[in-house]
Amino acid sequence: GDGAGLWENLAYRFSLVNDLGRCKRCCHIQASLQPGSSDAWLNLGQYYSSFGLMNDALDAYRTGITINPHDEYIHYNMASLLYNSGNSKKAFAAINKAILSNSDRGLNFWLKGRLHAQQGNHHAAAKSFRHTVRLMKKDGYEGWKKILAAAYESLAESLEALGEPDEAADALEQARKILNPDEDSLFAQGRV
């Protein structure tokens, strides 16, 4: 109910002052007020992660998944943690579950591409990065400009690894246009 949002906000405030104990307590109260929701466990996993407690974060995410096995955000966060720890096999399983939960989110495919690139599978990585770009451009990518630019940069790295330097240069140019959309016009006007 309405009280759950208050506990969620309070947990966030405690995280800002590095009080993990009270933050955790607030998340547990939030969870008790939302018995069919995995939101509190998603939040708690994020707080544990921000404190560098990766195993605790994964445990919180696992608890959330028992409540909602289709929580895309928890699967994504798990995949991201596992990716950063080098556990590619479990990261792939988690990101695939996130994609099954929402196949229209470009962010999920960007992480999948990064996983493929980490393993040296640049064909699959390029495919994922291209799909990321299509999905993000379709959605208008407002608020995600840096991720879209990073997807183009990642695509360029994979294309370079595949021996396709012209396509890689085109991808880098797209990243530049997203991050610096006025740069061309400044050159054309002779200001730079």
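Structural data are supplied above this passage.
Please read all numbers here as calculations on a predicted model, not as lab measurements. (Residues numbered from 1 in each chain as written. Predicted model: local features only at pLDDT ≥ 70, side-chain atom pairs only at ≥ 80, totals over all residues. Heavy atoms only, no water.)

The helix and strand tally for the protein chain stands at 11 helices and zero strands. Principal axes of the C-alpha set define a box for the protein chain whose edges measure 60 × 40 × 30 Å. Within the protein chain, buried positions represent 43% of all 192 residues. If you take every contact in the protein chain between residues at least 6 apart in sequence, the share linking residues at least 24 apart comes to 47%. (Helix = DSSP H or I, 4+ residues; strand = E, 2+ residues; numbered from the N terminus. Buried < 20%, exposed > 50% of the residue type's maximum accessible area, 1.4 Å probe, protein only. Contact = heavy atoms within 4.5 Å.)

This model, assessed by the stated rule, comprises five salt bridges. Here Asp 19 makes a salt bridge to Arg 22, at a shortest N to O gap of 3.4 Å. Overall, Asp 19 belongs to the partly exposed group, its relative accessible area being 22%. The exposure class of Arg 22 is exposed, given its relative accessible area of 51%. A salt bridge links Glu 72 to Arg 105; the shortest N-O distance between them is 2.3 Å. Taken together, the positions of Glu 72 in helix 5 (residues 72-84) and Arg 105 in the loop between helix 6 (88-101) and helix 7 (106-118) put the pair 33 residues apart, joining distant regions of the chain. (Salt bridge = Lys/Arg side-chain N within 4 Å of Asp/Glu carboxyl O.)

On the surface, a cluster of nonpolar side chains totalling about 350 Å² of accessible area is made up of Leu 6, Trp 7, Leu 10 and Leu 33. By secondary structure assignment, the location of Trp 7 is in helix 1 (residues 2-16). Its relative accessible area of 31% is what places Trp 7 among the partly exposed residues. (Patch = residues over 30% accessible without salt bridge, like charges linked within 9 Å, V, L, I, M, F, W, Y side chains within 5 Å. Areas by Shrake-Rupley, 256 points an atom, 1.4 Å probe, with all protein chains shown as cover.)

Attention shifts here to helix 8 (residues 122-138). Helix length check: helix 8 (17 residues) gives 24 Å between terminal C-alpha atoms against 24 Å at 1.5 Å per residue, within 8%. If you check which residues of helix 8 are buried, you get Ala 124, Ala 125, Ala 126, Ser 128, Phe 129, Thr 132, Val 133, Leu 135 and Met 136. Where helix 8 is buried, its residues meet helix 7 and helix 9 (145-161). (Expected span 1.5 Å × (residues − 1).)

With that settled, the discussion passes to the packing of helix 3 (residues 39-50) against helix 4 (residues 54-67). Between helix 3 and helix 4, the least distance of the axes is 7 Å, while the angle of their chain directions is 170°. Here helix 4 runs roughly antiparallel to helix 3, going by the angle between their axes. Residue-level inspection shows Trp 41, Leu 42, Leu 44, Gly 45, Gln 46, Tyr 48 and Ser 49 of helix 3 in contact with helix 4, the latter providing Met 54, Asp 56, Ala 57, Ala 60, Tyr 61, Thr 63, Gly 64 and Ile 67. For the contact of helix 3 with helix 4, a count of residues per class yields nine nonpolar, five polar and one charged. (Axes fitted to C-alpha atoms, helices over the stretch in contact; angles between N-to-C directions. Parallel < 35°, antiparallel > 145°, perpendicular 65-115°, else oblique. Nonpolar A, V, L, I, M, F, W, Y, C, P; charged D, E, K, R; others polar.)

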